[in-house]
Amino acid sequence: MRRHIAPIACKPWALNGLSERLIVSHYENAYGTAVRSLNAIRDELNALDLAAVPGYRLRALKQEELAAAGSVALHELYFGSLGGDGAVLFTGSGAGSTIAASMSAALEQQFGSVPAWRREFVAIAQALGGGSGWVLLSCSRRDGRLSNQIALDHSQAMMDTVPVLALDMYEHAYSLDFGANASAYIDAFMRNIDWTAAGDRLMEASRQGSPRRGDMADTPLPSVSVEELSAEFAKNGRIQVLDARPKHYFSRSTDMMQGAIWRDPDRVDEWSKELPAGAPIFVYCAYGYHVGCGVTAVLRERGFDAKYIRGGLAAWYAAGGGRALKPQSEAS
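Keep in mind it's a predicted model, so treat the numbers as computed, not measured. (Residues numbered from 1 in each chain as written. Predicted model: local features only at pLDDT ≥ 70, side-chain atom pairs only at ≥ 80, totals over all residues. Heavy atoms only, no water.)

1. Concerning the pattern of salt bridges
In the structure shown here, the tally under the stated rule is twelve salt bridges. Put simply, Glu65 and Lys62 hold a salt bridge, and the shortest N to O gap is 2.5 Å. With Glu65 and Lys62 both in helix H2 (residues 55-80) and three residues apart, the pair spans about one turn of that helix. Classification of Lys62 as partly exposed rests on a relative accessible area of 43%. Salt bridges sharing partners connect three or more residues here, namely Arg42, Lys62 and Glu65. (Salt bridge = Lys/Arg side-chain N within 4 Å of Asp/Glu carboxyl O. Helix = DSSP H or I, 4+ residues; strand = E, 2+ residues; numbered from the N terminus. Buried < 20%, exposed > 50% of the residue type's maximum accessible area, 1.4 Å probe, protein only.)

2. Section: the sheet that holds strand S2 (residues 146-151)
Read from one edge of the open sheet, three strands run S2-S1-S3, paired in antiparallel fashion. Looking at strand neighbours, the two that pair on one side only are S2 and strand S3 (161-168), the edges of this open sheet. Across the sheet, the mean angle from the axis of one strand to that of its neighbour is 25°, orientation sign disregarded. Across six bridges, strand S1 (residues 134-140) lies against S2 in antiparallel orientation. Note that in S2 the partner of Ser138 across the bridge is Ser147. Here helix H7 (residues 195-205) sits on the sheet in contact with S1, S2 and S3, set at roughly 160° to S3. (Pairing = 2+ DSSP bridges. Axes fitted to C-alpha atoms, helices over the stretch in contact; angles between N-to-C directions. Contact = heavy atoms within 4.5 Å.)

3. Regarding the state of the cysteines
On inspection of all chains with the given rule, the structure shows zero disulfides. Here Cys293 is not disulfide-linked; the sulfur of Cys285 is the nearest cysteine sulfur, at 6.7 Å. Accessibility expressed as a relative area gives 9% for Cys293, which makes it buried. (Disulfide = S-S within 2.5 Å.)

4. Digging into the nonpolar core
With 86 residues, the main nonpolar core has Trp117, Leu167, Met169 and Tyr185 as its most contacted residues. Among the elements that take part in this core, helix H1 (residues 20-46) stands out by supplying ten residues, more than any other. Looking at this core, you find at least three residues from each of domain 1 (20-207) and domain 2 (223-325). Leu167 has contacts with Tyr78, Phe121, Ala125, Gly133, Trp134, Val135, Tyr185, Ile186 and Phe189, leaving out every residue within four places of it along the chain. In terms of nonpolar packing, the next biggest core, distinct from the first, is built from eleven residues, Leu242, Val268, Leu275 and Phe304 among them. (Core = buried A, V, L, I, M, F, W, Y, C linked by side-chain atoms within 4.5 Å. Domains from an automatic or database assignment.)

5. What to know about the environment of Gly292
Tracing the backbone shows Gly292 in helix H12 (residues 290-301). In sequence terms Gly292 and Pro265 are 27 residues apart; their C-alpha atoms lie 8.3 Å from each other. If we skip the residues at most four places from it in the chain, Gly292 touches Val283, Cys285 and Tyr308.

6. Remarks on the packing of aromatic side chains
Under the criterion given, the structure shown has 13 aromatic pairs. For the pair Trp117 and Phe121, a centre-to-centre distance of 5.1 Å together with 35° between the ring planes defines the contact as tilted. Of the two residues, Trp117 and Phe121 both sit in helix H4 (residues 114-127), four residues apart, roughly one turn of that helix. A relative accessible area of 0% places Trp117 in the buried class. Summarising the aromatic geometry, the rings of Trp117 and Trp195 are spaced 5.5 Å apart at their centres and angled 75° between planes, so their arrangement reads as edge-to-face. Of this pair, Trp117 sits in helix H4 while Trp195 sits in helix H7, placing them 78 residues apart in sequence. In terms of burial, Trp117 and Trp195 fall into one category: buried. The rings of Tyr27, Tyr31, Tyr78, Phe79, Trp134 and Phe189 are connected pair by pair, giving a single aromatic cluster. (Phe/Tyr/Trp six-rings, centres within 6.5 Å; stacked < 30°, edge-to-face > 60°.)

7. Things to note about the side chain of Asn39
Structurally, Asn39 is set in helix H1. Residues within four places of Asn39 in sequence aside, it is in contact with Arg2 and Arg3.

Right, here's the structure in full:
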């Protein structure tokens with residue numbers, strides 16, 4: 001089964017000390033490449049004649065599949081680890097200002113205190129500075145114990161554990177903002193941890209609850225993935241694709257999905273009257289959060305068959321989607 005691009009799990013513009021440019025580049029390039037590679041490897045595996053393929057070829061492909069699948073999962077966890085309020089302060093008493101009581105208690109039980117956990121986690125990350133790998137906070141399924149792990153590539157993981165927090169220490173994760181200063185990047189990551197999401201993953205791993213559903217999953221609106229949109233393009237030439245990024249986003253980059261038309265989301269009441277009825281409409285914004293969903297909701301209230309595109313323009317690029325050669329937009 002082919003893997004679809006997951007919408008970016010954090011809000012790139014809202015992080016403290018990690019630029020939007022850094023996060024989006026990481027998502028579109030490193031994560032997008034991992035998903036496309038995994039799909040290509042699995043396509044090749046599915047096409048093999050297992051009775052005839054040499055063993056070395058099958059081994060190589062399965063090793064590549066393992067690494068690509070690990071890269072996809074770790075990157076999704078990394079973006080899902082970001083999104084805190086940027087104000088976590090670790091004091092002598094141990095509690096971070098946004099860490100839920102259950103997570104704080106789990107860290108204190110295993111490491112003695114939250115600051116003690118932080119010192120170990122940061123020390124492991126700094127040991128990877130100038131190299132590559134991942135630092136993971138993981139929960140054992142057998143006994144519920146937390147541990148900090150190091151993974152020197154995408155295929156290393158402790159058996160029977162569930163990672164609840166992931167820090168990417170490959171240079172592509174920080175060089176745009178920090179150059180070779182890995183320590184500054186680590187500090188910025190620690191300020192931006194989404195402890196609510198980490199706590200939900202811990203509860204799920206401990207079978208005490210269910211994972212949190214994010215903003216997009218909670219939206220009761222019809223939607224499509226970028227891969228499903230490509231299929232719609234192939235079978236239906238009458239679809240309309242609307243770029244609903246706010247004007248300040250569009251003015252910075254007028255690249256759009258192929259065939260899209262930009263419409264100012266602040267003027268939806270005006271231009272929605274001019275849309276042809278009957279044809280399906282697909283709406284996207286930068287990352288698939290509130291703007292695209294809001295415009296979609298307005299159009300559906302007006303009787304249009306509108307769906308929003310999960311992950312927005314960033315997911316389209318990450319999936320390898322081409323940019324429009326001649327961007328179209330409404331008259332300004």
